[in-house]
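The lines below spell out each chain.
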Amino acid sequence: MIDVHTHILPGMDDGCEHSDESLRLLQMEVEQGIKAVCLTSHFYARNEDPEHFLERRAYSYSRLLSVIKGNGISSPKLFCGAEVRFFEGIGRSSAVRKLVTEGINCLLLEMPFTHWSDKTVSEVLTLSEDVKIILAHTERFLFYENMDHIHRLKYSGSGIILQSNAEIFIPLSSRRKALKYLNDGYVDLIATDCHNEDQRPPRMGKAMEFIQKRADSDVLRHLSEVQSALLKRVGL
């Protein structure tokens, strides 16, 4: 498996604070059968420009690689990217295209936590004309009456991938709704969105165990095909 959405890079955002915690999360990923991990720290255009973000990321990534080498641990293949928060003008932004995730060559995009406007959706579709988009934790935006807009993005022919967090398939309080969302065709890809080892660890293994037992066979086939295509992109 590949995990396209994580906050493992140390000191970058509200994810791991230190390299030691990053190592422990990577070990959890390995134990759950994850072969590749995308390091997608938060990027907010209102706070910094892409160049500064890329400088910070390069430093954090270098630190992490040194600690991995120094400890001699087994690590998944790592690819740097970003979780980019939507901003007005993103559709025509050349700078944001520098933030696609290496290897899979996709942009992980976090949408606004509001009801989306037609203009917002149009900007995403414009961006998707030359950038492959993974829409981060799509399930969160259902609470803002965005189903029609998600449907439009899903069936636009743009190839946008709808990513859901593994975590929602685990608690009894959310997994029934998550399964319906999955079986209705609004999940293409599961990722952990892990941040730390206590409150938000990677839980892909447990989520996939539930999904394998309860999801429709054609849904399982689709999830497998999307995973396989991304793994092929990174040479796995």
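Computed from a predicted structure; not experimentally measured.

Calculation criteria
Residues numbered from 1 in each chain as written. Predicted model: local features only at pLDDT ≥ 70, side-chain atom pairs only at ≥ 80, totals over all residues. Heavy atoms only, no water. Core = buried A, V, L, I, M, F, W, Y, C linked by side-chain atoms within 4.5 Å. Buried < 20%, exposed > 50% of the residue type's maximum accessible area, 1.4 Å probe, protein only. Helix = DSSP H or I, 4+ residues; strand = E, 2+ residues; numbered from the N terminus. Contact = heavy atoms within 4.5 Å. Arc of directions from axis to C-beta. Pairing = 2+ DSSP bridges. Salt bridge = Lys/Arg side-chain N within 4 Å of Asp/Glu carboxyl O.

*Asks:* Just to check I follow, could you spell out the nonpolar core for this structure?
*Replies:* Side chains of nonpolar character tend, in soluble globular proteins, to be buried together. With 59 residues, the main nonpolar core has Leu-135, Phe-169, Leu-182 and Ile-211 as its most contacted residues. Examining the composition of this core, we find that five residues originate from one element, helix α6 (residues 204-214), more than from any other. For Ile-211, the contacting residues outside a window of four places in its chain are Phe-169, Leu-182, Ile-190, Leu-220 and Leu-223. Counting 17 residues, the second-largest nonpolar core is a separate cluster that includes Val-4, Ala-36, Leu-230 and Leu-231.

*Asks:* Explain α6 to me, please; I cannot follow it from the model alone.
*Replies:* For an α-helix, the turn length of 3.6 residues means that residues three or four places apart are oriented alike. Residues of α6 that are buried: Met-204, Ala-207, Met-208, Phe-210 and Ile-211. Taken around the axis of α6, the buried residues stretch over an arc of 160 degrees, which confines them to a single face. Opposite its buried face, α6 presents the exposed residues Lys-206 and Lys-213, each directed more than 90 degrees away.

*Asks:* What is the right way to read the pairing of strand β4 (residues 106-110) from this model?
*Replies:* In summary, the side chains of a regular strand alternate between the two faces of the sheet. Across the five residues of β4, five count as buried, placing the element largely inside the fold. Neither face of β4 is left uncovered, since the one carrying Cys-106, Leu-108 and Glu-110 and the one carrying Leu-107 and Leu-109 both have all their residues buried. Note: strand β3 (residues 77-85) against β4, three bridges, orientation parallel. Bridge assignment links Arg-85 to a residue of β4, and that residue is Glu-110. Sheet topology places β4 next to strand β5 (residues 132-135); four bridges connect them, and they run parallel. Looking at the pairing, Cys-106 lines up with Lys-132 of β5.

*Asks:* I tried to follow the environment of Ala-136 on my own but got confused; where do I start?
*Replies:* Secondary-structure assignment places Ala-136 in the loop between β5 and α4 (147-154). Residue classification places Ala-136 among the buried positions, given a relative accessible area of 0%. Along the sequence, Ala-136 and Leu-109 sit 27 residues apart, while their C-alpha atoms lie 5.6 Å from each other.

*Asks:* Can you help me understand the pattern of salt bridges in this one?
*Replies:* Close approach of charged atoms lets side chains of opposite charge pair. Applying the stated rule across the entire model yields 12 salt bridges. Between Lys-180 and Asp-184 there is a salt bridge, with the nearest N and O atoms lying 2.7 Å from each other. Residue classification places Lys-180 among the exposed residues on the basis of a relative accessible area of 53%. The structure contains a network of salt bridges with shared partners spanning Arg-140, Asp-193 and Arg-200.

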